[in-house]
Amino acid sequence: MLNNNIVYIRNICRQKLKPVTSLNIRRFKGAAGFGLFEFVVVIVIISTLVLILIPKVMELEVDAHKSNVQLSANSFRSAVNIIHTLWQSQGSKEQVVSVKEHEEKIVLVGPRGWPIDVITDKHMLAYDLIPADTSTCKRLWNGLLKNSIPELELKIDEGVGASYQAEFYQGVCRFRYLLSEDGFRIEYDLATGHVDTFFEHY
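Here is a short report on the structure shown in this document. (Residues numbered from 1 in each chain as written. Predicted model: local features only at pLDDT ≥ 70, side-chain atom pairs only at ≥ 80, totals over all residues. Heavy atoms only, no water.)

### A word on the pattern of salt bridges
Any two side chains of opposite charge can pair, given that their charged atoms come close. To be explicit about the condition: We define a salt bridge as a side-chain nitrogen of Lys or Arg found within 4 Å of a carboxyl oxygen belonging to Asp or Glu. Counting from the N terminus, the helices are DSSP H or I runs at least four residues long and the strands are E runs at least two residues long. Using a 1.4 Å probe on the protein chains alone, a residue whose accessible area is under 20% of its type maximum counts as buried, one over 50% counts as exposed, and one in between counts as partly exposed.
Under the counting rule described, the total for this entry stands at five salt bridges. Of the charged contacts, one joins R176 and E167 as a salt bridge, the two residues approaching to 3.0 Å between their closest N and O atoms. Notably, a salt bridge pairs E187 with R174, separated by 3.0 Å at the nearest N-O pair. With E187 in strand β6 (residues 183–189) and R174 in strand β5 (residues 172–177), this residue pair connects regions lying 13 residues apart in the sequence. With respect to burial, E187 and R174 carry one shared label: buried. One continuous salt-bridge network, built from bridges that share partners, spans E167, R174, R176, R185 and E187.

Pasting the structure below:
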């Protein structure tokens, strides 16, 4: 009797499961997966998306570097203008004077009131200024900006991770941006106080 009940229940379960399994078999018989044509279409779509996105990502990277350079230039310009304003407030003397002192650093200005050097020793005020050179540009950058932006590299060609490289050319301090292969740079004219940015692409 017990065996008959078990057989009866088993037969009922088989009858109920049979339509479900046959439905699944019919469904999978019609689905053969991706054909060659569909595969080629998917590859073409993915390739097109990649070709569109890569230039956009490159543009975003260039824009980020431009923004970095522009922010650095704005910070430097603001520092230069602050020094000039302090010079004017002290009477606009037509000589090299000390206008700002912080952390044993003295910013010197030229006859027109624009920063021309940063020194660390008050006794150096009495000496005749040596002609401006690359080290002058480095002192100006680090002295005026302090910790507001990444430090200028201190040694040419040895600045691993440095953001800028200084050079002096015909009365202008050039700060070349090193984190991009483009010719981005900031220029500071010691005579006029102009701070300009240049975004040249090679």
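### A look at the nonpolar core
The condition that has to hold: The criterion is simple. A nonpolar core is a set of buried Ala, Val, Leu, Ile, Met, Phe, Trp, Tyr and Cys residues joined through side-chain atoms within 4.5 Å.
Residues F76, L144, F175, I186 and Y188 are the most contacted members of the largest nonpolar core, which totals 30 residues. Counting only elements with at least two residues in this core, the list comes to α2 (36–89), β2 (105–109), β3 (115–119), α3 (134–145), β4 (164–169), β5 and β6. Sorting elements by how many residues they give to this core places α2 first, with seven residues.

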